[in-house]
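Descriptive analysis of the structure
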Amino acid sequence: MNTTGTSMAERYERARGLFEHGEYQAAAEELSVLVDESALEPPLHGTTELRLLLARAYYHSAQLGRAEAVVRAVLVDDPDEAYANLVLGRTLQRLGRHGEARPHLAMAELLGGYAGSGRLPREDPDDGGAPG
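To start, this report covers the structure provided alongside it. Just so it is clear, the structure is predicted and the values come from calculations on it, not from any experiment.

Cut-offs applied
Residues numbered from 1 in each chain as written. Predicted model: local features only at pLDDT ≥ 70, side-chain atom pairs only at ≥ 80, totals over all residues. Heavy atoms only, no water. Phe/Tyr/Trp six-rings, centres within 6.5 Å; stacked < 30°, edge-to-face > 60°. Lys NZ or Arg CZ within 6 Å of the ring centre and 35° of its normal. Salt bridge = Lys/Arg side-chain N within 4 Å of Asp/Glu carboxyl O. Helix = DSSP H or I, 4+ residues; strand = E, 2+ residues; numbered from the N terminus. Buried < 20%, exposed > 50% of the residue type's maximum accessible area, 1.4 Å probe, protein only. Expected span 1.5 Å × (residues − 1). Contact = heavy atoms within 4.5 Å.

A few words now on the packing of aromatic side chains. With the rule as written, the count across this model stands at one aromatic pair. For the pair Phe-19 and Tyr-24, a centre-to-centre distance of 5.0 Å together with 70° between the ring planes defines the contact as edge-to-face. Across from the ring centre of Tyr-59, 4.7 Å away, lies the NZ or CZ of Arg-94, which sits over that ring.

Here the focus is the pattern of salt bridges. Inspection of every chain in the model, using the stated rule, returns eight salt bridges. Between Arg-11 and Glu-37 there is a salt bridge whose closest N-O contact spans 2.8 Å. Linking Arg-11 in helix α1 (residues 8-20) with Glu-37 in helix α2 (residues 24-38), this pair joins segments that are 26 residues apart in sequence. Across the salt bridge formed by Arg-97 and Glu-68, the nearest N and O atoms sit 2.9 Å from each other. Note that Arg-97 is positioned in the loop between α5 (82-94) and α6 (98-112) and Glu-68 in helix α4 (residues 64-77), a separation of 29 residues in sequence. Owing to a relative accessible area of 28%, Arg-97 belongs among the partly exposed residues under this scheme. Residues joined by salt bridges that share partners form a network here, namely Glu-68, Arg-72, Arg-97 and Glu-100.

Right, let's get into α2. End to end, α2 covers 20 Å across 15 residues, agreeing with the expected 21 Å (1.5 Å per residue, within 8%). At its buried positions, α2 is contacted by α1 and α3 (48-60).

Coordinates in, geometry out; function isn't part of it.
Listed below in structure tokens is the structure:
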């Protein structure tokens, strides 16, 4: 628990609410603190979901370098995480690194069934898709 007495679960729900209301920068700030704190305490259910939400908040707030770093760290721990591959692929697309994005998008489609989300269209390599 932090010094204000608010549990990590309550703070996560607050950050998730910020994200769901489109307040991506504020959500990223909250989630970043939670990720840092979770490294100090044993998490109840791991941190993959928390870190993926942080990466998505970074993505949506145009902090693409941070989004890439977070999702790559997730993939180090779990290379078969389909949604992490999707977020990384979309982040790389948005950064204009389409060649690097392709294998991650293909893995997302293969592992997670993200049909239509995975492969880049041949005609237009920047389809403007965003992770949900």
